[in-house]
Amino acid sequence: MAELGHEVVGIDLDPAKIAALSKGETPFFEPGLPEVLTSAMATGRLRFSTDIAEVAGATVHFVAVGTPQKQGGQAADLTHVNAAVAALLPYLRAGDLVVGKSTVPVGTAARLAGVIAASGTGASLAWNPEFLREGFAVQDTISPDRLVYGVPAGAAGERAVEQLNVVYASAVAAKTPLVVTDFATAELVKVAANAFLATKISFINAMAEIAEVSGADVTQLADAIGYDARIGRRFLNAGVGFGGGCLPKDIRAFIARAEELGRGESVAFLKEVDSINLRRRQRVVDLTVGALSGAVFNAKVAVLGLSFKPHSDDVRDSPALDVAVQLRGLGANVVANDPQAIENSRARHPQLSYESDIETTLRDASAVVLVTEWPEFREIDPVWAATLVKTPTIVDGRNTLDAAKWRAAGWTYYGLGRP
Ligand code: UGA
């Protein structure tokens, strides 16, 4: 927002995060973010604080806190959203706009609009879902592929649209597609988009399961159906499945919310989407155990990848980390490598061995498992790697390697849904 020309104060409860940001350091890995943080801070338009009173005087208040899966349940935990809105109330003035960014169950915005109305401040609410992807966050924020404004009916809504058009002036000028709608639709757009993406991935992973029992090749199948523009090739990469802080918890929260609304059957298929996805993690573990002929105990297994996808240090619900932990649980001597996610993984699973050097990771391994398709791993020379390992066996959990090339270098290659 500062980069786009606005004067911004960023508030968080975590003093460590605020201290780091105030020094111009990003508290997580995101390509391009350090540069944009430095340039935005140099303008003098961006500062950070743990003191909510610093919001006084702002006219637009973004609420962008997390909505994780509830402990012991499937629904979204709205504690942080509720607390952030409550904390803002004393500082709101007539005409101010509170803008919800967080992914929330449908119906949340209407309830929060009631809370704001009851405060008598004269401020109003808009729901403006966020579609950025980790790894491309800067690009997706500066040039979003669409804007969705969920606004109340009448004059308050018209004013909210005007205010949001000022906030997003550059995207609006670039003729970014804009959907102005009601709260419920805006909230649903976000969960529907993530549910669709999750379904697309599980669809191709279901095809991988069928390919495995019929001898077909799911990567060629994806290419062939992807040429149909109505289907499209993106998000049709079969492998160990989806993870991260969004897709898994969003489909679960959607199921929980639909059930609350008495429409559980409408999204019951998402339970299957979730099951297919989790089965693929098990499949990678089973393939590895099979590759070791069951001799897992104390076998060195090199796990390449820990983050839920490349170009991120995020290990929330990461299939890669899950596979590493499961193999360790079976007694394997897991040595895991990731260009960015070792620190976050170690904090959650100190029982695993971590190694940042690829050569040391591979040395004397009885099996290699590739679970996050970082360029560093895709570029490994199979001839060189074969000289390091004890047994040249690789499970390509992302179907990202050239199977013929690895086999030619003497490797036993296992993909997911490909011969
Ligand atoms: C996802 C959505 O793509 C964003 O549009 C959305 O804004 C974001 O969630 C959010 O709700 O905040 P993200 O979690 O960054 O973004 O990750 P994705 O790029 O969607 O990937 C999710 C997972 O699917 C990863 O584990 C990835 O490896 C996996 N994936 C993706 C596949 O297994 N196959 C594919 O073909 C594509």
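Structure's up top.
These figures come from a predicted structure and were not determined experimentally. (Residues numbered from 1 in each chain as written. Predicted model: local features only at pLDDT ≥ 70, side-chain atom pairs only at ≥ 80, totals over all residues. Heavy atoms only, no water.)

1. Quick look at the pattern of salt bridges
Considering all chains together, one arrives at 25 salt bridges under this definition. A salt bridge links Asp-322 to Arg-281; the shortest N-O distance between them is 2.8 Å. You can see Asp-322 sitting in helix 12 (residues 319-329) and its partner Arg-281 sitting in helix 11 (residues 269-291), a full 41 residues away along the chain. Accessibility expressed as a relative area gives 2% for Arg-281, which makes it buried. In this structure, Arg-363 engages Glu-359 in a salt bridge whose closest nitrogen and oxygen atoms are separated by 2.6 Å. Taking relative accessible area as the criterion, Arg-363 reaches 37% and is therefore assigned partly exposed. Residue Glu-359 is classed as partly exposed on the basis of its relative accessible area, which comes to 31%. (Salt bridge = Lys/Arg side-chain N within 4 Å of Asp/Glu carboxyl O. Helix = DSSP H or I, 4+ residues; strand = E, 2+ residues; numbered from the N terminus. Buried < 20%, exposed > 50% of the residue type's maximum accessible area, 1.4 Å probe, protein only.)

2. Some points on the layout of surface pockets
The space that makes up the second largest pocket amounts to roughly 150 Å³. As for the second largest pocket, its lining consists of 13 residues, and the residues nearest its centre are Ala-76, Leu-78, Pro-105, Arg-257 and Glu-260. Per-element accounting of the lining of the second largest pocket gives the leading share, four residues, to helix 10 (residues 247-260). Split into classes, the residues belonging to the lining of the second largest pocket amount to seven nonpolar, two polar and four charged. (1 Å grid on protein atoms, 1.4 Å probe; cavity = no way out; pocket = protein on both sides within 12 Å on 5 of 7 lines; lining within 4 Å. Points joined across faces, edges and corners; volume = space filled by probe spheres on them. Nonpolar A, V, L, I, M, F, W, Y, C, P; charged D, E, K, R; others polar.)

3. Section: the site of the ligand
The local shell around the ligand holds 21 residues, among which Leu-132, Glu-134, Lys-190, Asn-194 and Phe-308 are the closest. At a separation of 2.7 Å, an oxygen atom of the ligand approaches a polar backbone atom of Leu-132. Here an oxygen atom of the ligand and a backbone polar atom of Leu-236 are 3.3 Å apart. Taken by itself the ligand offers 720 Å² of open surface, and the protein chains cover 90% of this. Of all the elements in the fold, those that place two or more residues in the shell around the ligand are helix 8 (183-214) and helix 10. (Near = heavy atom within 4 Å. Polar contact = N/O pair within 3.5 Å; in protein donor to acceptor, adjacent residues only side chain to side chain. Areas by Shrake-Rupley, 256 points an atom, 1.4 Å probe, with all protein chains shown as cover.)

4. Some remarks on the sheet that holds strand 10 (residues 353-354)
As summarised here, the arrangement of the six strands in space is 10-9-8-11-12-13, forming an open sheet in which the pairing is parallel. The sheet is open, and its two borders are formed by strand 10 and strand 13 (412-414), each paired with just one other strand. For strand 8 (residues 300-304) and strand 9 (residues 333-337), the ladder comprises five bridges, and the chain directions are parallel. Note that in strand 9 the partner of Val-301 across the bridge is Val-334. Of the strands in this sheet, strand 8, strand 11 (367-370), strand 12 (393-396) and strand 13 are in contact with helix 11, which crosses strand 12 at around 170°. (Pairing = 2+ DSSP bridges. Contact = heavy atoms within 4.5 Å. Axes fitted to C-alpha atoms, helices over the stretch in contact; angles between N-to-C directions.)

5. A look at the packing of aromatic side chains
This structure, assessed with the given rule, holds three aromatic pairs. Measuring from ring centre to ring centre gives 6.5 Å for Phe-29 and Trp-374, while their planes differ by 45°; the resulting arrangement is tilted. With a gap of 345 residues between them, Phe-29 in the loop between helix 1 (15-22) and helix 2 (33-42) and Trp-374 in the loop between strand 11 and helix 15 (375-378) connect regions that are remote in the sequence. What makes Phe-29 partly exposed here is its relative accessible area of 25%. The ring of Phe-136 carries the charged tip of Arg-133 above its face, separated from the ring centre by 4.4 Å. A cation over an aromatic ring shows up here: Arg-146 above the ring of Phe-131, its NZ or CZ 3.6 Å from the ring centre. (Phe/Tyr/Trp six-rings, centres within 6.5 Å; stacked < 30°, edge-to-face > 60°. Lys NZ or Arg CZ within 6 Å of the ring centre and 35° of its normal.)

6. Re the side chain of Asp-396
As for its placement among the helices and strands, Asp-396 is situated in strand 12. A polar contact of 2.8 Å, which involves the side chain of Asp-396, links it to the backbone nitrogen of Thr-400. Separated by 2.7 Å, the side chains of Asp-396 and Tyr-413 make a polar contact. When residues no more than four places from it in sequence are discounted, the contact partners of Asp-396 are Leu-370, Leu-401, Tyr-413, Tyr-414, Gly-415, Leu-416 and Arg-418.

7. Some thoughts on the pairing of strand 8
Counted residue by residue, strand 8 has five buried out of five residues, so it is predominantly covered. Along strand 8, one buried face is formed by Lys-300, Ala-302 and Leu-304 and the opposite face, lined by Val-301 and Val-303, is buried too. Of the crossover connections in this fold, the one passing from strand 8 over helix 12 to the parallel strand 9 is right-handed. Pairing of strand 8 with strand 11, which is carried by four bridges, proceeds in the parallel orientation. The residue of strand 11 that forms the bridge with Val-301 is Ala-367. (Right-handed = clockwise from strand over helix to strand, strands pointing away.)

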